[in-house]
Every structure is written in C-alpha cells, then in structure tokens.
Amino acid sequence: MTDTISPVITTLALEDIPHLIDCVRRCYGESYTNPMMYNAALLKDAIVTQKMHSIVAKLENNQIIGHCALTFNGPQNSSPEAGKMMVDPDYRGHHIAELIAKKRIEIAESLGLPGFWTECVTNHPYSQHEMIAFNAKETGLFIGDVPPTFAMQGLQNFSDTRMSLLAFYLPLKDRPHDIYVPSKHTEHLNALLSSLNLQRNITNSEIQGAGETILKTEIDSEDQVANISVDHIGEDLIASVTAELKKLEALNIASAYLDLPITQEAAANAYMALEDLGFFWGSWIPHYSIQGDILRLQKIYQTVNVSEIICAREQGEEVKKFVVSEWERVSKK
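Residues numbered from 1 in each chain as written. Predicted model: local features only at pLDDT ≥ 70, side-chain atom pairs only at ≥ 80, totals over all residues. Heavy atoms only, no water.

Caption draft 1: Examining helix α6 (residues 237-249) more closely. Spanning 13 residues, α6 covers 18 Å between terminal C-alpha atoms, matching the ideal 18 Å at 1.5 Å per step. Within α6, the full set of buried residues consists of Leu237, Ser240, Val241, Glu244, Leu245 and Leu248. One face of α6 carries all of its buried residues, which in axial projection span an arc of 135 degrees. For α6, the exposed residues lying more than 90 degrees away from the buried face are Ala239 and Lys246. On its buried side, α6 packs onto β10 (214-220), β11 (225-232), β12 (255-261), α7 (267-275) and β14 (292-300). (Helix = DSSP H or I, 4+ residues; strand = E, 2+ residues; numbered from the N terminus. Expected span 1.5 Å × (residues − 1). Buried < 20%, exposed > 50% of the residue type's maximum accessible area, 1.4 Å probe, protein only. Arc of directions from axis to C-beta. Contact = heavy atoms within 4.5 Å.)

Caption draft 2: Representation of the side chain of Glu326 within the structure. Mapped onto the fold, Glu326 is located in helix α8 (residues 314-331). Given the relative accessible area of 8%, Glu326 is considered buried. Apart from residues no more than four positions distant in its own chain, Glu326 is found in contact with His185, Tyr271, Glu275 and Phe280.

Caption draft 3: Looking closely at helix α3 (residues 96-110). Between the first and last C-alpha of α3 there are 21 Å, a value that for 15 residues agrees with the 21 Å anticipated at 1.5 Å per step. Looking only at α3, the buried set comprises Ile96, Ala97, Ile100, Ala101, Arg104, Ile105, Ile107 and Ala108. For α3, the angular spread of buried residues about the axis comes to 165 degrees, placing them on one side. Once α3 ends, the next one or two residues include Gly112, with phi positive near 70 degrees.

Caption draft 4: Quick peek at the pattern of salt bridges. With the rule as written, the count across this model stands at 13 salt bridges. Glu30 is paired through a salt bridge with Arg25; the nearest N and O atoms lie 2.7 Å apart. A residue is classified by how much of its surface remains accessible, and Arg25, at 38% relative accessible area, is partly exposed. Here the salt bridges do not stand alone but share partners, grouping Lys184, Glu275, Glu326 and Arg329 into one network. (Salt bridge = Lys/Arg side-chain N within 4 Å of Asp/Glu carboxyl O.)

Caption draft 5: Expanded view of the nonpolar core. Ranked by size, the top nonpolar core spans 81 residues in total, and within it Leu260 and Trp284 carry the most contacts. Sequence-distant contacts of Trp284, that is, excluding residues within four places in its chain, are made with Thr139, Leu189, Leu192, Leu193, Leu196, Leu198, Ile262, Asp293, Ile294 and Leu295. With 20 residues, the next largest nonpolar core counts Ile21, Cys27, Ile47 and Met86 among its residues. (Core = buried A, V, L, I, M, F, W, Y, C linked by side-chain atoms within 4.5 Å.)

Caption draft 6: Layout of the pairing of strand β13 (residues 280-289). Buried residues dominate β13, accounting for 10 of its 10 residues. As paired strands, β13 and β14 are joined by 6 bridges and run antiparallel to one another. Bridged to Trp284 within β14 is Leu295. Connecting β13 to the next strand, β14, in antiparallel fashion are 2 residues. (Pairing = 2+ DSSP bridges.)

Caption draft 7: Layout of unusual backbone geometry. We note that Asn135 has phi near 75 degrees; this positive angle belongs to a residue other than glycine. Take Asn135: it is sitting in the loop between α4 (126-133) and β6 (137-146). Phi at Asn197 takes a positive value of approximately 60 degrees, unusual for a residue other than glycine. Following the sequence through the fold, Asn197 ends up in the loop between α5 (186-196) and β9 (200-203). Classification of Asn197 by relative accessible area gives exposed; the value is 60%.

See below:
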C-alpha cells in the first residue's frame, strides 16, 4: 500500500465493470449477499437503465479500490437506497469511503432527489460514522437481515448469528405531507422527524381499507428474506398478507418485510392489525415513493443475538432499544 494515492472519483464506466467485480472479491471474497455485484451482464443492465448510479474510486492503472451506489427499486422509488459501499482492504485509511460518499451526494442532488436511505452493518461502526459525518440520522433497525456467511476482509465478523442493519436517512429537501400511524408510535416518529428537520402532519385514523389490496412480493433466496410491498391498503389486507406469509414460510425464510404506505389513511389501522400477524417497526423511510413515506415493518423467524449489534452513537442505541422492545412486545401477543 502506498502512503499517498490520488484516485479518480467518478461514475462507473461500462468498461470498468470487470475491475469492479475484482474489487468486490478483494473486499468480500464470494460472500457478498447481492449476486449482481459478481455478474457483469446484470451490472451493465443496472447502469444502462439507471436503476443504479455507481460511484467508484479508480487508480491510474484502472484498478477500482472503492465503490458505492444509489439504487432505485423501480419507477415509484423516490428516495433510493445508498449502499454497496466497499473499500479495498489494501487502501483503507485513505478516506476513500468519504470521497465516494461525497460524490454520491452530488449525484443525488443533481437528480433532484428528496434524499436517500441506507442500511449500515452493525458488526462494526465504520460505515455508520460515514453516514453520520454527512448528517444522516438513524431511522430504524432490521434485525438479523444478513446471513452469518457474509464476511468483510480485515474487519470484525460474527458467525454465530445473522447480522442486523441500522437504517439511516439523509435528507436533501423536504416535501411535507400527511402520514397515518398508530398514536402509540407518534412520540417516536416525532423524535425522528425532529432529528431530520422534516415536516409531517401525523394522524391516527381509524379508517379501514377499502376495495381490493394491491401488493407484490419479492423473495431473496440467497439471504432467505422476502419483501411484501403494499401499493393499496384494501379491506382484505390481512387475508392477503396471511396468504403471502403461508407461501413464504414454506420456503423457510429468516425474515419477512412489509412496506406500508403511511400516506394512505387506512395505514394506522392496518399497522395495528399487522401486529397481530407478528409484524413490528423496522424503519421509517421518508419519501420512499413518489406518494411519500413508508414504514418498513419486519417479522422475524430466527433467533438473533442483539448484544452483537454495535451502534456508533447514542441516537443509534435509542433506535435499537425501541425496535428491540417492539419486537419483544409484539412477540408476546
């Protein structure tokens, strides 16, 4: 490793995709949980269709030594996920993560995004510190999201439990709107709103869903997780979700997530009913869709050692405490 390096910080060129895959392998071996990052054809498609805006740190010899990205989960996704952050183990200590993260913000601003969210690993605090440095705030915790086979080269890894991810949000500009959540969660949500300096009118509505529920389910067999995304809260929401869970549980999944559109008046009542199915608070994600905010709820099917969840600061510990207490409360129902 040289003492002084001056990598070029730029967006990923298609001809550099093989170099990116090499970087992934140097950072994670074959353990990275997103198979796209090893597949040149899938990476090319993501870049060309602008599903992913990929930022890299590149040396003069074209070696890629750092990467991060903004990834959209479809045309309705307004605040994309900021993830896939990695730095070549041989070049850590040169502020590479900070440089590419700064470029990621510039790209998000150029796209006119209201903000972006990310999931930081909790086996160490380093990636959390990167988000905190740019004034991102903790908004939730996904318990046991990552399989224990996931391993980062040169860093602390735990192998006896699935790893949890701490969710952060970085606001760029606000679009105030009404949201509907149960009154018992208003205090916690107001605290998050205050920390992010976002404006919302929070209402606890008793309105039931109307019409037919519209949802879609995606399964990640590698990670053993599934995501149920609700587009419309209908009167048959619980029956529809129960049917989906029955199919998912037959696949022996570790966790199920459910994206609840809290801009819909029926969301508060739906949240309470979903608790009876074992769902609880995962993370609030502002501006996730063009309609507005969502709550990503979670249902856990495995044991997780929460004592191994490392938070970089007190705000993270408070979010961890809240989510774990919600898991315990709902599990007793």
